[in-house]
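Here's the letter readout for the chains.
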Amino acid sequence: MMQNLVHIMLNSAKKLINTWETEIEKQSGTANIKGDEDLQSFASIVSSETLFGHSNSKVINELQSRFKRLERAMKTPILVGGIPGLW
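To keep things clear, this report deals only with the structure shown in the data block. If you're wondering where the values come from, they're calculated on a predicted model, not measured in any experiment.

**Some remarks on the overall build of the protein**
(1) Moving on: The secondary structure content of the protein amounts to three helices and zero strands.
(2) Moving on: When the elements of the protein are put in sequence order from the N terminus, they spell out α-α-α.
(3) Moving on: Burial status across the protein gives 14% buried among its 87 residues.
(4) Moving on: In the protein, the share of contacts with a sequence separation of at least 24, taken over all contacts with a separation of at least 6, comes to 37%.
(5) Moving on: For the protein, the computed accessible surface area is about 7,200 Å², with 59% contributed by carbon and sulfur atoms.

Here it is in structure tokens:
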């Protein structure tokens, strides 16, 4: 199981790096790479391949949407009141 996960991660990372290298070559040695978006996509692809054995645009889009909602929820402050020991 772990070996499969490592294989999926390596293949996905190689594809991402190749995409970045291609973009850098197109821009004559410099490129504006959106690392956060690319890494979210990477995480979605790895999750999809690991959980479902495949990745398609519908699954990846759903995972990215859920990751973004989770990220927003984690940034939202939580106010806890009235519970002894938390003040």
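Structure shown, so let's carry the discussion forward.
**Re the packing of helix α1 (residues 2-26) against helix α2 (residues 35-52)**
(1) Moving on: Where α1 meets α2, the axes come as close as 10 Å, and the angle between the chain directions of the two elements is 150°. Judged by the inter-axis angle, α1 sits roughly antiparallel to α2. Crossing of α1 over α2 shows right-handed handedness. Between α1 and α2, the contacting residues are Leu5, Ile8, Met9, Ser12, Ala13, Leu16 and Trp20 on the first element and Asp38, Leu39, Phe42, Ile45, Val46, Glu49 and Thr50 on the second.
(2) Moving on: Partitioning the contact of α1 with α2 into residue classes produces ten nonpolar, two polar and two charged.

**Remarks on α2**
(1) Moving on: Look at α2: 25 Å from first C-alpha to last across 18 residues, which is about the 26 Å you get at 1.5 Å a residue.
(2) Moving on: Burial in α2 covers these residues: Phe42, Ser44, Val46, Ser47 and Ser48.
(3) Moving on: Close packing links the buried residues of α2 with α1 and α3 (57-75).

**Brief notes about the pattern of salt bridges**
(1) Moving on: The full count for this structure, using the stated rule, is three salt bridges.
(2) Moving on: Two residues, Lys75 and Glu71, come together in a salt bridge whose shortest N-O distance is 3.6 Å. Here the residue Lys75 and the residue Glu71 both occupy positions in helix α3, the gap between them amounting to four residues, near one helical turn.
(3) Moving on: Since its relative accessible area comes to 64%, Lys75 is described here as exposed.
(4) Moving on: Each of Glu62, Arg66 and Arg69 takes part in one network of salt bridges that share partners.

**Points about a nonpolar patch on the surface**
(1) Moving on: Side chains of Met2, Val6 and Leu10 sit close together on the surface and give an oily, nonpolar patch of about 300 Å² of accessible area.
(2) Moving on: By the element assignment, Met2 lies in helix α1.

Conventions used here
- Residues numbered from 1 in each chain as written.
- Predicted model: local features only at pLDDT ≥ 70, side-chain atom pairs only at ≥ 80, totals over all residues.
- Heavy atoms only, no water.
- Helix = DSSP H or I, 4+ residues; strand = E, 2+ residues; numbered from the N terminus.
- Buried < 20%, exposed > 50% of the residue type's maximum accessible area, 1.4 Å probe, protein only.
- Contact = heavy atoms within 4.5 Å.
- Areas by Shrake-Rupley, 256 points an atom, 1.4 Å probe, with all protein chains shown as cover.
- Axes fitted to C-alpha atoms, helices over the stretch in contact; angles between N-to-C directions.
- Parallel < 35°, antiparallel > 145°, perpendicular 65-115°, else oblique.
- Left-handed = near helix turned anticlockwise from the far one by under 90°.
- Nonpolar A, V, L, I, M, F, W, Y, C, P; charged D, E, K, R; others polar.
- Expected span 1.5 Å × (residues − 1).
- Salt bridge = Lys/Arg side-chain N within 4 Å of Asp/Glu carboxyl O.
- Patch = residues over 30% accessible without salt bridge, like charges linked within 9 Å, V, L, I, M, F, W, Y side chains within 5 Å.

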